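The lines below spell out each chain.
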Amino acid sequence: MARSSGYVLSIDQGTTSSRAILFDHRGRPVGSEQVEHEQIFPRPGWVEHDASEIWRNVRRVAAAAMASAEIKPSEVMACGITNQRETTVVWDRKTGAPVHHAIVWQDTRTAALCERLGGEAGPDRYRERTGLPLSTYFAGPKLVWLLENVDGLRERAEAGELCFGTIDSWLAWNMTGGAKGGLHITDVTNASRTMLMDLRTLQWDEEICADFGIPMSMLPEIRSSSEVYGTLTAPGSPEGVPLAGILGDQQAATFGQACLAPGQAKNTYGTGNFLLLNTGTEPVFSEHGLLTTVCYQIGGAPACYALEGSIAVTGSLIQWLRDNLRLIRSADESEKIAKTVDDNGGAYIVPAFSGLFAPRWRPDARGVIVGLTRFINRGHLVRAALEASAYQTREVIEAMTADSGVTLTALKVDGGMVVNDLLMQFQADILGVPVIRPVVSETTALGAAYAAGLAVGYWASADDIHRNWAQDKEWTPQMGDEERTRLYAEWNRAVEHSLDLA
Ligand code: ADP
């Protein structure tokens, strides 16, 4: 029998901020708190976070969310963690101190290293085992970089003094006691983003670790996404609550959107865009530039897999217009400015700032603005920036259709950009299928709450999750086929111009 009293606490540790949200049994947020952390850019292409700051922020937002909703630890049935994926932390087992700043998923310092690791076989050397191409995106090469570039690190790692983890591991270790017996664990979804895990056995791949020169004693234990791992003990955590769910942020959003059956997909519009299609209990390997990843594993049940299209730059292009070009004062304003013109006027922005991710995987690409004439004004450029998210999404969906044979009938969306009506309408137009936004937009945090709540019986099954999902708004396509085809062809020509520029 599921319990309906009490709440579940979700910790959502994202790229720009940490959030804590308490959810009730209907999956509605009842209290939340959020705080941003520093983005550290030591050199062009390098992006770091201070893991200690992140841990302080997580404690702060958890305590503040509980206080603002006047909820006591005894009313919290479980806690789940969801996190920015791939971001890599190494810390000292005895002191709990990180040995270096965390290297963030967007960081491109491992480009040459990835080429070296691929050797003659090239970027697909480990794809069959890991579902991933060798790319700066993933955690394993970031860990190799630390071992090779931080003085004394390799010796300390080999002596068993150090722990490696993605942000979920770092938080779980600290929340369950840190240097005083904290659990060194990760879940299958986060582990599947390291390039060190065998997708089928769900265990660390000894051969890849040997190739990379990574001592296996550094690695966390791989667990399912939904089970009672241990109890929160850190002050402010809240103490005594079972830690019972861990999911990478995009997998959590897939869960929160109730995409729990094969063929169901969601698209998240945040810093970048991440489209995940649930493919069921067999991994599907992509021929069209998508990643194969673990979607979730509930306790002892077989893991579910997903095909993923990751786009590096979507919402962050809007930030760039705001901060670097000062074309807009706020992300919100992008809609108003784009509405001052009827269309893009022939201008296209291809935001290949860190190369192109899915489906093209072109590290040699760089950003371009094409189609400029004397006619083009600020409105056209802002519009082109918004449209870039929609075109890139269409590329990923076409790859997904080609790989899976599943034809999309509607797209469930979430993330910071989906408040933008103009973008959502254009997305429906350029795809030719309806775009649907749910009532609870915090799908990432909600997904981690579901994983934790399922493990302790707060929610009984996927039926509860389906019942809680509700539609807020739907955009239906209004563009003619001819126009859709013409615009998409122009976009593809613009992308050609971005290649071979790095
Ligand atoms: P993340 O979880 O990756 O940090 P969010 O889901 O919070 O990101 O989304 C933030 C992104 O959404 C930012 O990059 C911002 O530029 C973009 N964004 C926010 N509001 C709007 C808007 N009204 N129109 C377009 N983009 C927006």
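Read on for an overview of the structure. (Residues numbered from 1 in each chain as written. Predicted model: local features only at pLDDT ≥ 70, side-chain atom pairs only at ≥ 80, totals over all residues. Heavy atoms only, no water.)

### Topic: the sheet that holds strand 17 (residues 291-296)
Operational definition: Should DSSP find at least two bridges between two strands, the strands are taken to pair. Runs of H or I in DSSP of at least four residues are treated as helices and runs of E of at least two as strands, each being numbered from the N terminus. Here an axis means a line fitted to C-alpha atoms, over the contact stretch when the element is a helix, while the angle between two N-to-C directions is reported on a 0 to 180 degree scale. Whether two residues touch is decided by their heavy atoms; if any such pair falls within 4.5 Å, the residues are in contact.
The 7 strands are arranged 17-18-16-15-21-22-23 in an open sheet whose pairing can be described as mixed. Only two strands of the sheet have a single neighbouring strand rather than two, namely strand 17 and strand 23 (471-475). Strand-to-strand twist in this sheet, taken as the mean axis angle between neighbours without regard to direction, amounts to 30°. Here 5 bridges tie strand 15 (residues 265-269) to strand 16 (residues 273-280), and the two strands are oriented antiparallel to one another. Bridging from a neighbouring strand, Tyr269 pairs with Asn273 of strand 16. Sheet strands in contact with helix 13 (residues 421-431) are strand 15, strand 21 (411-414), strand 22 (435-438) and strand 23, and its direction is about 60° off that of strand 23.

### Quick word on the site of the ligand
Spelled out, the test is: Proximity is defined per residue: if any heavy atom of the residue lies within 4 Å of a molecule or strand, that residue is considered near it. Pairing of N or O atoms within 3.5 Å defines a polar contact, subject to two protein rules: one partner must be a possible hydrogen donor and the other a possible acceptor, and residues neighboring in sequence count only if both atoms are side-chain atoms. Computed with the Shrake-Rupley method and a 1.4 Å probe, the accessible areas treat only the protein chains shown as cover for residues. Residues are sorted three ways: Asp, Glu, Lys and Arg are charged, Ala, Val, Leu, Ile, Met, Phe, Trp, Tyr, Cys and Pro are nonpolar, and all the rest, Gly among them, are polar.
Around the ligand, the surrounding shell holds 17 residues, and the nearest of these are Thr16, Thr271, Gly315, Gly416 and Asn420. Gln319 places a polar side-chain atom, nitrogen or oxygen, 3.1 Å from an oxygen atom of the ligand. Here a nitrogen atom of the ligand and a side-chain polar atom of Asn420 are 3.0 Å apart. Surface burial for the ligand is 80%, taken as the share of its 580 Å² of free accessible area covered by protein chains. With 4 residues, the single largest contributor to the shell around the ligand is helix 10 (residues 315-323). In terms of residue class, the shell around the ligand is made up of 5 nonpolar, 10 polar and 2 charged.

### Here we look at helix 6 (residues 167-175)
Because an α-helix packs 3.6 residues into every turn, residues spaced three or four apart end up facing the same way. Our working rule: Each residue's exposure class comes from its accessible area (1.4 Å probe, protein chains only) as a fraction of the maximum for that residue type: buried when under 20%, exposed when over 50%, partly exposed otherwise.
Among the 9 residues that make up helix 6, 9 are buried, leaving the element largely enclosed by the rest of the structure. Every buried residue of helix 6 is listed here: Ile167, Asp168, Ser169, Trp170, Leu171, Ala172, Trp173, Asn174 and Met175. Positive phi appears at Gly177, one or two residues downstream of helix 6, with a value of about 130°.

### What about the pattern of salt bridges?
Operational definition: When a carboxyl oxygen of Asp or Glu is within 4 Å of a side-chain nitrogen of Lys or Arg, the pair counts as a salt bridge.
What the rule picks out here adds up to 35 salt bridges. The residue Asp364 makes a salt bridge to Arg362 at a minimum N-O spacing of 2.9 Å. Here Arg362 falls in the partly exposed class, since its relative accessible area comes to 27%. We note a salt bridge from Asp500 to Arg362, for which the minimum N-O separation is 3.8 Å.

### Section: the packing of aromatic side chains
Applicable threshold: Two rings belonging to Phe, Tyr or Trp (six-membered ring only in the last case) form a pair when the distance between their centres is within 6.5 Å. Interplanar angles under 30 degrees mark stacking, angles over 60 mark edge-to-face geometry, and anything in between is tilted. By the criterion adopted, a ring carries a charge over it if an Arg CZ or a Lys NZ lies within 6 Å of its centre and within 35 degrees of its normal.
Counted by the stated rule, this structure contains 16 aromatic pairs. Plain terms: the ring middles of Tyr126 and Phe212 are 5.6 Å apart, the flat faces sit at 80° to each other, and that makes the pair edge-to-face. Of the two residues, Tyr126 sits in the loop between helix 2 (111-118) and helix 3 (127-130) while Phe212 sits in helix 8 (residues 206-212), which places them 86 residues apart along the sequence. Take Tyr126 and Phe212: they sit in the same class, and that class is buried. Between the aromatic rings of Tyr450 and Trp459, the centroid separation amounts to 4.8 Å while the plane-to-plane angle is 75°, which identifies the pairing as edge-to-face. In terms of burial, Tyr450 and Trp459 fall into one category: buried. An aromatic cluster is present here, built from Trp105, Tyr137, Phe138, Phe274, Phe357 and Trp361 joined pairwise through their rings. One cation-aromatic arrangement involves Arg394 over Tyr488; the distance from NZ or CZ to the ring centre is 3.8 Å. Stacked on the ring of Trp469, the Lys or Arg Lys412 has its end atom at 4.3 Å from the ring centre.

### Regarding the sheet that holds strand 3 (residues 29-36)
Taken in spatial order, the 6 strands make up an open sheet running 3-2-1-5-14-13, and their pairing is mixed. Looking at the sheet topology across the chains shown, the edges are occupied by strand 3 and strand 13 (226-231). Pairs of neighbouring strands in the sheet enclose a mean axial angle of 25°, with direction left out of account. As paired elements, strand 5 (residues 76-83) and strand 14 (residues 242-248) share 5 bridges and run parallel to each other. Paired with Gly80 across the bridge in strand 14 is Gly245.

### Some remarks on unusual backbone geometry
Between Ala358 and Pro359 the backbone carries a cis peptide bond, its omega angle lying at -5°. Counting through the fold element by element, Pro359 comes out in the loop between strand 19 (348-350) and strand 20 (368-370). The backbone phi angle of Glu86 is positive, close to 70°, even though this residue is not glycine. For Glu86, the position within the fold is in the loop between strand 5 and strand 6 (88-92). If you check the backbone angles, Met195 has positive phi at about 75° while not being a glycine. Note that Met195 resides in the loop between helix 7 (188-191) and strand 10 (197-198). By relative accessible area, which is 0% here, Met195 ends up buried.

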